[in-house]
Amino acid sequence: MQCRDAQFYLRLRRPAGDELGADVSADLDRHLAGCPGCAADARAAGGFDAAVAAAVRAVPVPAGLHDRLRTAASAHAGAVIRRRAYRVTALAASLLLAVGLGFGVFSVTRPQIDSYAVVGPAEGLVSDPDAVLKTWLAERKLPPQLPAPFDPDLLVMAGSERVQGVDVPVAVFRHPDDPKYFARLYAFRADGTLNLDGLRNDFASNTAVTVIPTDARQFRGVRYVVVTRVRNPREDPLKPYLRTAGTARR
Amino acid sequence: MGSAAGGLHGLIDAHYEALYRYAYRLTGSAADAEDLTQEAFGRAFTRLGQLREPDRAKAWLFRILRNLYLHKVRDERRHRAVPLDAVGDVPAREAEAGGAVDVDPARLQQALDELDEGFRTPLILFYFEEFSYRDIAEQMGLPIGTVMSRLARGKAYLRAKLAPPVPGADREKGSPDPAGVGGRVAR
Ligand SMILES: [Zn+2]
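Residues numbered from 1 in each chain as written. Chains lettered and ligands numbered in written order. Predicted model: local features only at pLDDT ≥ 70, side-chain atom pairs only at ≥ 80, totals over all residues. Heavy atoms only, no water.

Some words on the overall build of chain A
So, point 1. When helices and strands are tallied, chain A shows six helices and five strands.
So, point 2. Reading the helices (α) and strands (β) of chain A from amino to carboxyl end gives α-α-α-α-α-β-β-β-α-β-β.
So, point 3. The buried share among the 250 residues of chain A stands at 50%.
So, point 4. Here the contacts in chain A between residues at least 6 apart in sequence split such that 56% fall between residues at least 24 apart.
So, point 5. Total accessible area on chain A stands at roughly 11900 Å², and carbon and sulfur atoms take up 53% of it. (Helix = DSSP H or I, 4+ residues; strand = E, 2+ residues; numbered from the N terminus. Buried < 20%, exposed > 50% of the residue type's maximum accessible area, 1.4 Å probe, protein only. Contact = heavy atoms within 4.5 Å. Areas by Shrake-Rupley, 256 points an atom, 1.4 Å probe, with all protein chains shown as cover.)

Observations concerning the coordination of the zinc ion
Residue and element names in this part refer to chain A.
So, point 1. On the protein side, the zinc ion has C3 (SG), H31 (NE2), C35 (SG) and C38 (SG) as donor atoms, found 2.0 to 2.4 Å from it.
So, point 2. Seen from the zinc ion, its four donor atoms lie at angles of 105 to 114 degrees, and the figure they make is tetrahedral.
So, point 3. If you list the donors of the zinc ion from N- to C-terminus, the spacing comes out as C-x27-H-x3-C-x2-C. Here the two residues H31 and C35 agree in accessibility, since each one is buried. (Donors = N, O, S within 2.8 Å, 3.2 Å for Na, K, Ca; no water. Tetrahedral: all angles 85-135°; square planar, octahedral: opposite > 155°, others 65-115°.)

Let's talk about the side chain of R68 of chain A
So, point 1. Considering the arrangement of structural elements, one finds R68 of chain A in helix α4 (residues 65–95).
So, point 2. Accessibility expressed as a relative area gives 19% for R68 of chain A, which makes it buried.
So, point 3. For R68 of chain A, the contacting residues outside a window of four places in its chain are P62, T135 and E139 of chain A together with E34 and Q38 of chain B.

Focus: helix α5 (residues 117–128) of chain B
Residues and elements named next belong to chain B.
So, point 1. Taking 1.5 Å as the rise per residue, α5 with 12 residues should run 16 Å; its terminal C-alpha atoms sit 16 Å apart, in good agreement.
So, point 2. Taken residue by residue, α5 has E117, G118, F119, R120, T121, P122, L123, I124, L125, F126, Y127 and F128 as its buried positions.
So, point 3. Of the residues flanking the end of α5, it is E129, one or two places downstream, whose phi is positive at about 60 degrees. (Expected span 1.5 Å × (residues − 1).)

Section: the confidence of the model for chain A
Reading predicted coordinates in detail is not appropriate for stretches of low pLDDT.
So, point 1. Averaged over every residue, the pLDDT of chain A is 74; residues scoring 70 or more account for 72%.
So, point 2. For chain A, the element scoring lowest by mean pLDDT is α4 of chain A, at 61; helix α2 (residues 22–34) of chain A scores highest, at 92. (pLDDT = per-residue confidence, 0-100.)

Remarks on the sheet that holds strand β1 (residues 155–163) of chain A
Residues and elements named next belong to chain A.
So, point 1. On the basis of which strands lie adjacent, the open sheet formed by five strands has the order β1-β2-β3-β5-β4 and antiparallel pairing. The sheet is open, and its two edges are formed by β1 and β4 (207–212), each paired on a single side. Each neighbouring strand pair of the sheet contributes to a mean axis angle of 25 degrees, computed without reference to strand direction.
So, point 2. Judged from the eight bridges that link them, β1 and strand β2 (residues 166–174) form a sheet pairing that is antiparallel. Across the sheet, residue E161 finds its bridge partner in β2, namely V168.
So, point 3. Strands β1 and β2 of the sheet are contacted by helix α5 (residues 129–139), whose axis makes an angle of about 25 degrees with β1. (Pairing = 2+ DSSP bridges. Axes fitted to C-alpha atoms, helices over the stretch in contact; angles between N-to-C directions.)

Examining the nonpolar core
So, point 1. Counting 73 residues, the largest nonpolar core has V52 of chain A together with F41, L108, Y127 and L158 of chain B as the members making the most contacts within it.
So, point 2. The next biggest cluster of nonpolar side chains, apart from the first, holds 25 residues, and it includes A148, L154, Y224 and L242 of chain A. (Core = buried A, V, L, I, M, F, W, Y, C linked by side-chain atoms within 4.5 Å.)

Some remarks on the packing of α2 of chain A against helix α3 (residues 36–57) of chain A
Residues and elements named next belong to chain A.
So, point 1. Between α2 and α3, whose axes approach to 5 Å, the crossing angle comes to 110 degrees. With respect to each other, α2 and α3 are oriented roughly perpendicular. Two secondary-structure elements touch here, α2 through H31, L32 and G34 and α3 through P36, C38, A39 and A42.
So, point 2. By residue class, the composition of the contact of α2 with α3 is five nonpolar, two polar and no charged. (Parallel < 35°, antiparallel > 145°, perpendicular 65-115°, else oblique. Nonpolar A, V, L, I, M, F, W, Y, C, P; charged D, E, K, R; others polar.)

Have a look at this one:
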């Protein structure tokens, strides 16, 4: 092997595993053993590579990125599944384990179906729901508290949805006993665009639309509307989704 | 494959850090890197069905991210990168910088930014030490020899930027062939 080839292969030799092939490696080693110049270069190149490799990998990963990605994934799964459910409601419902999600009524075409959909095992869709909720509230610039003590363990997704032409933050909670039922908590910002009657009309008849009364100052005028699928007409529509059963929501 | 969300979350957990670091080195910006990582996972989720071999998921995600990046920068960046032809050939002999090399992170990123992506990606993936040359070649859709050649040239470029030869180092070292066999100027 000539010095020029040795120089080329030196730069391609890697600390982990021989990728040059046994023949080339043996030739290179023979050359290095007999050529002090290239041997010195090999040492220098090795030191340089180690330093650059450490520097290239030293990229701090943002603290909230993991949660943001997972939240987006859940929202995505929800969206995909709602679309799919719209097409193959009956089949999906019969084949897959259900976690309630999505009335679908807010999509542009306002499908009239009332299908729930399916997002996999009831548990573990959101692995760190408190963090997801916190991130969601912060990113949507919402007050840091929820307007009612929703149970984070029931969280299915936190994202946003197009409602009456506006992107509205929404968090979806599943019913603790029946995964076909769920509550969608919408946070309408205080810009007067919410048309409650229109909203009620958007929904199928077996859904309840509840406005949570809040202190306008504490919640900066954000109006919280919960849409639930009615499971038991005599039941408080929100109660199953709140953390402390028996504690009446205000 | 289990549930869709489970699959997505598994991919995120296993690969988001590496993917973000790659995105950061490609774009040189934390905000762009996060956007790109988000988009890559978003794209991956819509194509989860195309992932035939789960143990190739990382390479698959890297390829998706790179394609998104290339699509974004196709027009805006090309003109200010060092084009492929301008990156010199491998010098016959590098000057040996005495002692340990101190790599300044800002200068490293600047040097990467200056390079055409066709050089930048092999360098980043080489230094990540997580992909073989064959993997890198597959990701870039290039013959493995081309990847190796670009790597050798890209490394020479980096070295010239980050550890410029000390004047007179060759002489002090007593190198047997200071002129270098077929030595050439990197231009
Ligand atoms: Zn030699």
